[in-house]
Amino acid sequence: MTPRARLVTAVVLTVVLLGSTAAYAVSAIVGHQARQAIPAEAQTAAFDRQVAAGRIVFRNTTADAAYGLVASVSADDPSGDRSVTDIACDRVYSEARSTMCLRIDRGVLTTFSANLLDTAGTVQRSWSLPGIPSRTRVSSDGERVAFTSFVTGEAYATVGFATATQISTIHGDDYGNLEDFALTIDGTPNTAADRNFWGVTFTSDPDVFYATAATGSKTWLVRGDLAARTLTSVRESVECPSLSPDETRIAFKKNISTTATAHWSIAVLDLTTNKETVMPDPRNIDDQVEWLDDSTLLYGLARDDQPGDSDVWSIQADGRGASALFIEHATSPSAVRP
Amino acid sequence: MYISLPQRGPRQKTGAPAARVSSVVVTLGVVSMLTDISSESVASILPLYITGALGLSTIAYGFIDGIYQGVSAIVRIGGGWASDRTDNPKWVAFFGYAASAATKVGLLFVSGFAGIASVIALDRLGKGVRTAPRDALITASSVPSNLGRSFGVHRMLDTIGAAGGPLLAFLILFFVPTGYHLVFIVSLGFAVVGVVILGLVVPAIRPRRQSAAAGEPRQPFRWRTLAEPRLRRLMFTAGILAVLTVGDGFIYLVLQDRSPFAAQWFPLLYVGTNVAFFIFAVPLGRLADRFGRARVFVLGHVALLGAYACAALPVGGAAVTVACLVLLGAFYAATDGVLAALASEATPPENRATGIAAAQTVVAIGRLVGSTAFGILWFAVGRELAVIIVAAALAAAIPALLVMVRPLARTSAV
């Protein structure tokens, strides 16, 4: 081919390739908008009627107009009628008085935020997040909130993997990033450069909470004290702890992989006997578990076949039964208690 | 010695005046732009895809990120060596671009962590392989007097892609919140177009044959020339400066801690740096041609020093954040392309790609060491003090290294 013929071929191919890419993109966007136009199967209901005792609040992932909205079902009939709110969250956690809603504020300039909602669903406080939302929890009295996000946003990242976890109260106090708390691992103060913290769970003592600490390739369950601003290791290889309502056990995810590729199972640690039970669900589960009641665990699991869709599963906390589908097309569950 | 080389390049064929940037350089810039749109659109949404859509974990993301950084530097020298050995930089670079394009197909089919990790490793492998041969092509298509400007034009186009890719990706996710596969397909489209343009439009320049045809003794490839005093001096200087270069991420973290403005826009600060980089790339490349490339390279670190100062200042506001990003962009504009130009000058044609790769690898390793050390310092003495310590070391190193590079500056000010 002559240089001129090559140039012409290149131009033609460029036009054809970019044109068909654009055509595909437009058809995908139109297709998405058509799906969005499908009326939601679930009925809408006011926020305060949904975030109420006896309901399971979650993020809805049905492929219709209700995708991404906060929704709820009755804890007695989880596969029954679901009702959706008009509030969109990427992570949600509700207690009767307060709801935390972590959001990806989409746009050409995408940012991330954590929002505290009151019983009517109105934003009371809002925090900018340094990256993608990860975990959030509200204390059972609805007074304290915690949220974890990744620290992302550098295209040529040099910081590597990092998380930022903050605890605040609904009255306007901020305890700041957990990285600024004094960490003690196995009795020794730890100031490693790569400390990371995530997955807070609150106790009924207003000063005490549990969380995950990580440095190197190890993780620990740590017990935190808000007044003293300390974190003390309790046990190794525990991530995303979740305290049972009776506060006797902690459910968590445990990396059972022996290779560099993580594989998480759900396990339950009895805080009095220190006995650990791994749940018989062989799938890779990456969620902060929620206690439906003192004997049942709930967790979200992404669907393999459909990016962005997931289901909530349940399993007996004593590890004596197989997991069961609890709520279809749902993630980020929280059981609202009286 | 080899300064005489580009008296016969494509320049003569096209008859363009010596100061003009060759059309080959512009074409290579367009190829890089398309490829960067492709890579960066995927890279920017990958954390979201992995954690949000696939439900993989935080640690998994950190691990993948590590792959991103490591693989590229390792294979870079291999790419340079292959290019010099075969005397065929175009097709070695083509292989690198094609490998990266192929990975975009892979992303559509893999969903497990291991799958994604290998796909990304392959993408970075492609990037590592193609960089040095491509820079050797830019050198072979330029004349010594406009080498800095040529690299400036290339890096400007490249950075437009790097800034545009994430914006395109987030625009797609804005319309289709779960449209990750759509982003991958669009990314594939851009990557394939880049490969097509490279394959069809860029001439297969053979630097060694070219110089031999010009009557210079035909030199075989030799590792020994890497120990040549000029290149050694350059690698030493660049290495010292790289160790004193704190990763952007750390600077962003300091800003975020200080300023509510930076905290709100934290995930987008790198876009600001990229915009400044592409605005300054050509002017600073031209300045390097006139004022001496080695000098501009070393003095570019004054902009980095300024960025440290902004980060360490006890005031935080939108203006300080913006100034910091502008300075960071200027720093990249004064150093990234200029380093490749300097390394080209310091190596004979038959070793050029390897020489460029060696200099770039020294910088990559130096920055890795610097960032790791800074991370330790950060937690040992606190954020502000750590920045001040590194800034002081950099302030001391700049004048010393200016003296060090004098022999390089003299010859490059042709």
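Counting from 1, residues in each chain are numbered in the order their sequence is written. Chains carry letters and ligands carry numbers; both start at the beginning, A for chains and 1 for ligands, and go up in the order they are written. For this predicted model, a pLDDT threshold of at least 70 governs which residues receive local features, and a threshold of 80 or more governs which side-chain atom pairs are given and counted, while totals over whole chains, interfaces and linings are taken from all residues.

S.K.: Which residues make up the overall build of chain A, and what values do they have?
M.R.: Helix and strand definitions follow DSSP, with helices as H or I runs of at least four residues and strands as E runs of at least two, each counted in order from the N terminus. Counting secondary structure elements, chain A contains two helices and 27 strands. For chain A, whose C-alpha radius of gyration is 22 Å, the value lies close to the compact-globule estimate of 20 Å for 338 residues. For the C-alpha atoms alone, the extent of chain A along its principal axes is close to 80 × 50 × 45 Å. In this scheme every C-beta is placed from the backbone, and a residue whose C-beta has 20 or more other C-beta atoms within 10 Å is buried, one with 12 or fewer is exposed, and one in between is partly exposed. In chain A, buried positions account for 45% of the 338 residues. Here, residue contact means that the backbone-derived C-beta atoms of the two residues sit within 7 Å. Considering only intrachain contacts with a sequence separation of at least 6, the fraction spanning at least 24 residues in chain A is 43%. Atoms considered for the radius of gyration are the C-alpha atoms alone. The globule rule reads 2.2 Å times the number of residues to the power 0.38.

S.K.: Requested: an account of the overall build of chain B, with residues and values cited.
M.R.: In terms of regular secondary structure, chain B is built from 17 helices and zero strands. When each of the 414 residues of chain B is scored for burial, the buried share is 64%. Pairs at least 24 apart in sequence give 86% of the contacts found in chain B among residues at least 6 apart.

S.K.: Now, about the sheet that holds strand β21 (residues 264-270) of chain A: what can you tell me, with residues and values included?
M.R.: Either a parallel or an antiparallel arrangement is found when strands of a sheet pair, and the pairing is made through backbone hydrogen bonds. Residues and elements named next belong to chain A. Pairing between strands is defined by DSSP: at least two bridges between them are needed. One open sheet holds the four strands; their spatial order is β19-β20-β21-β22, and the pairing between them is antiparallel. Only two strands of the sheet have a single neighbouring strand rather than two, namely β19 (239-243) and β22 (276-278). Neighbour-to-neighbour, the strand axes of the sheet open up by a mean angle of 25°, direction not taken into account. Simply put, an axis is a line fit to the C-alpha atoms, just over the touching stretch for a helix, and the angle between two N-to-C directions goes from 0 to 180 degrees.

S.K.: I'd love a proper account of the UniProt feature "signal peptide" (unreviewed entry) in chain A, names of residues and values included.
M.R.: In the numbering used here, UniProt assigns the feature "signal peptide" (unreviewed entry) to residues 1-25 of chain A. Secondary structure over residues 1-25 of chain A splits into 92% helix and 0% strand, and the C-alpha atoms at its two ends are 33 Å apart. UniProt positions are given in the numbering used here, feature names are shortened, and annotations may be inferred rather than shown by experiment.

S.K.: Could you give an account of the nonpolar core, naming the residues involved and the relevant values?
M.R.: Of all hydrophobic cores here, the largest spans 224 residues; its most connected members are Met100 of chain A together with Ile251, Ala307, Leu342 and Ala359 of chain B. Setting aside anything within four residues of it in sequence, one finds Met100 of chain A in contact with Val92, Tyr93, Ala114, Leu116, Thr136, Val138, Val145 and Phe147 of chain A. Definition of nonpolar core: a set of buried Ala, Val, Leu, Ile, Met, Phe, Trp, Tyr and Cys residues joined via C-beta atoms within 7 Å.

S.K.: Quick rundown of the pairing of strand β5 (residues 91-94) of chain A? Include the residues and the values.
M.R.: All names here are of chain A. Neither face of β5 is exposed, since Arg91 and Tyr93 on one face and Val92 and Ser94 on the opposite face are all buried. One ladder, built from four bridges, connects β5 with strand β6 (residues 99-105); its direction is antiparallel. Bridge pairing links Tyr93 to Met100 in β6. Count of turn residues in the β5/β6 antiparallel hairpin: four residues.

S.K.: Hey, could you go over helix α12 (residues 269-291) of chain B for me, with residue numbers and the actual values?
M.R.: Residues and elements named next belong to chain B. Expected helix span is computed as 1.5 Å times (number of residues minus one). Helix length check: α12 (23 residues) gives 31 Å between terminal C-alpha atoms against 33 Å at 1.5 Å per residue, within 8%. Where α12 bends most, at Ala281, the angle is about 40°, and the proline Pro283 comes one to four residues later. Of all 23 residues making up α12, 17 are buried, and the element is well covered by its neighbours. One or two residues past the end of α12 sits Gly292, with phi positive at roughly 105°. Bend, in this description, refers to the angle at a residue between axes fitted to the seven residues ending there and the seven starting there.

S.K.: With reference to specific residues and values, describe the packing of α12 of chain B against helix α13 (residues 293-312) of chain B.
M.R.: All names here are of chain B. The geometry of α12 relative to α13 is characterised by a closest axis approach of 6 Å and an angle of 130° between their N-to-C directions. Viewed along their axes, α12 and α13 adopt a mutual orientation that is oblique. In contact with Leu284, Leu287, Ala288 and Phe291 of α12, α13 contributes Arg293, Arg295 and Val296. Amino acids are sorted into nonpolar (Ala, Val, Leu, Ile, Met, Phe, Trp, Tyr, Cys and Pro), charged (Asp, Glu, Lys and Arg) and polar (every other residue, Gly among them). Looking at the contact of α12 with α13 residue by residue, the classes come out as five nonpolar, no polar and two charged. In what follows, roughly perpendicular refers to angles from 65 to 115 degrees, roughly parallel to angles under 35, roughly antiparallel to angles over 145, and oblique to any angle outside these ranges.

S.K.: Hey, could you go over the packing of helix α4 (residues 89-109) of chain B against helix α7 (residues 180-201) of chain B for me, with residue numbers and the actual values?
M.R.: Residues and elements named next belong to chain B. For the pair α4 and α7, interaxial distance at closest approach is 9 Å and the crossing angle is 160°. On the basis of their axis angle, the class for α4 and α7 is roughly antiparallel. Crossing of α4 over α7 shows left-handed handedness. Side by side, α4 and α7 meet where Phe94, Tyr97, Ala98, Ser100, Ala101, Lys104, Val105, Leu107 and Leu108 of the first sit next to His181, Phe184, Ser187, Leu188, Ala191, Val192, Gly194, Val195, Leu198 and Gly199 of the second. The handedness criterion is simple: a crossing whose near helix is rotated anticlockwise from the far helix by less than a right angle is left-handed, and one whose near helix is rotated clockwise is right-handed.

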